[in-house]
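# Structure at a glance
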Amino acid sequence: MKYDLPSICWKGGLAALAPTALFASLPAQAAQPVDWQLGLQPAASEIMEKISWFNTFTLVIITVITLFVLALLAYCVTKFSAEANPTPSKTTHNTTIEVVWTVVPIIILVIIAIPSFRLLYDEAVIPPSDMTVKVTGYQWYWGYEYTDEAHNGVSFDSIMLSEPDEMAAKAVAHGLSEADVPRLLAVDYDLVVPVGKVVRVQVTAADVLHSFTVPALGFKMDAVPGRLNETWFKADREGMYYGQCSELCGKDHAFMPIGLRVVSEEQFETFINAASEGDVEDAYEILAQKIATDRKLAAVTND
């Protein structure tokens, strides 16, 4: 099962919101929770598209079952009420009904299990990766390290920004809009990765259990002290993506966000080269300048 039609429908429904190649010159809206949100965040990876499809698929099945049971209850209440049946039936067994209510649930579970196992396989089996990032959870912040030799072991810590002036300063220095630097989610240094590349993520912890997850990209992995767990993702579009620690890890668990910035491959190379040669803060400013230049060139080209 390729999920082609649901994926196309999902993309089509988001076409008015998600930035595409035709609008590369425009800044992308950060993927983050919004007020009164009921559904999942817009998918920014193929895995998340499959998760969204499976979520809708199971919701439809559950809704049909719920409505059927409700209708059956209403029928039984009406059909077999004391008023309609002054002389109660003494029927105790019905072989056909017992076979049906055993076989039908089995069929439904098999129908759910097939795409479920396929999705689990796609999430668990890491394809050939283009780069590797090691993520370490601490009380209460994240540490990132680009472990590939080509990236010269660039590493830094990522801590939540708590003051409005800090968030404003970051927006200016890193070339972001205010919407891309949200309260309780913005961090001082985002994890920067290239778009369209398979990123293998090695996750561990230095103290207690944590969990590293970014909903829009469809990955989640527990950070366990003494263990090195692995997961992966491939972002399909550029932009800012946010997550939070998803394992209760202490008093500041709620203040341990994840900031992940997806840029073009050329912009990533500019960032990682600057980070390996100098200060990380300078690398983000150089990245912001590169993005601004690319947007101007794209705007001129489109004109």
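Scope of this entry: the structure provided in the associated data block. (Residues numbered from 1 in each chain as written. Predicted model: local features only at pLDDT ≥ 70, side-chain atom pairs only at ≥ 80, totals over all residues. Heavy atoms only, no water.)

### Observations concerning the sheet that holds strand β2 (residues 141-146)
- With mixed pairing, the five strands of this open sheet are ordered in space as β3-β2-β1-β5-β8. Where the open sheet ends on each side, the last strands, each with one partner, are β3 (155-158) and β8 (229-233). Going across the sheet, the axis of each strand differs from the next one's by a mean of 25°, ignoring polarity.
- The pairing of strand β1 (residues 131-138) with strand β5 (residues 199-205) spans seven bridges and is parallel. Pairing of Thr136 across the sheet is with Thr204, part of β5. (Pairing = 2+ DSSP bridges. Helix = DSSP H or I, 4+ residues; strand = E, 2+ residues; numbered from the N terminus. Axes fitted to C-alpha atoms, helices over the stretch in contact; angles between N-to-C directions.)

### Points about the side chain of Ser158
- Examined against the element boundaries, Ser158 turns out to sit in strand β3.
- Here Tyr189 takes part through its backbone oxygen, which lies 2.7 Å from a polar atom of the side chain of Ser158.
- In this structure Ser158 touches Tyr141, Trp142, Tyr144, Val187, Asp188 and Tyr189, once residues within four positions along its chain are discounted. (Polar contact = N/O pair within 3.5 Å; in protein donor to acceptor, adjacent residues only side chain to side chain. Contact = heavy atoms within 4.5 Å.)

### Regarding the pattern of salt bridges
- Under the counting rule described, the total for this entry stands at nine salt bridges.
- Here Glu46 makes a salt bridge to Lys50, at a shortest N to O gap of 3.8 Å. Here Lys50 and Glu46 lie together in helix α2 (residues 46-79), a separation of four residues that amounts to about one turn.
- Judged by relative accessible area, which is 10%, Lys50 ranks as buried.
- Among the ionic pairs, Asp122 bridges to Arg118, the shortest N-O distance being 3.7 Å. Of this pair, Asp122 and Arg118 are both found in helix α3 (residues 95-124), four residues apart, which corresponds to roughly one turn of the helix.
- Exposure remark for Asp122: the relative accessible area of 13% places this residue in the buried category.
- Several salt bridges share partner residues, and in doing so they unite Glu46, Lys50, Arg118 and Asp122 into one network. (Salt bridge = Lys/Arg side-chain N within 4 Å of Asp/Glu carboxyl O. Buried < 20%, exposed > 50% of the residue type's maximum accessible area, 1.4 Å probe, protein only.)

### Looking at the pairing of strand β9 (residues 239-244)
- Among the six residues in β9, five count as buried, and that is most of the element.
- Summarising the sheet, β9 and strand β10 (residues 257-263) pair through six bridges and their orientation is antiparallel. Paired with Met240 across the two strands is Arg261, which belongs to β10.

### So, the state of the cysteines
- All chains considered together, the criterion is met by zero disulfides.
- We note that Cys245 lacks a disulfide partner, and the nearest cysteine sulfur, in Cys249, lies 3.9 Å from it.
- Assessed through its relative accessible area of 6%, Cys245 is described here as buried. (Disulfide = S-S within 2.5 Å.)

### Points about the sheet that holds β10
- Taken together, the three strands give an open sheet; going across it, the order is β4-β10-β9, and neighbouring strands pair in mixed fashion. If you trace the sheet from one side to the other, it starts and ends with β4 (191-194) and β9, each paired once. Put simply, the sheet's adjacent strands are angled 25° from each other on average, direction ignored.
- In this structure, β4 lies alongside β10, joined through four bridges in parallel fashion. Bridge pairing in β10 links Val193 to Val262.
- Across the sheet, helix α5 (residues 265-277) lies against β4 and β10, angled at about 135° from β4, the strand it touches most.
- Sheet contacts for helix α6 (residues 280-302): β4 and β10; angle to β10, the most-contacted strand, approximately 40°.

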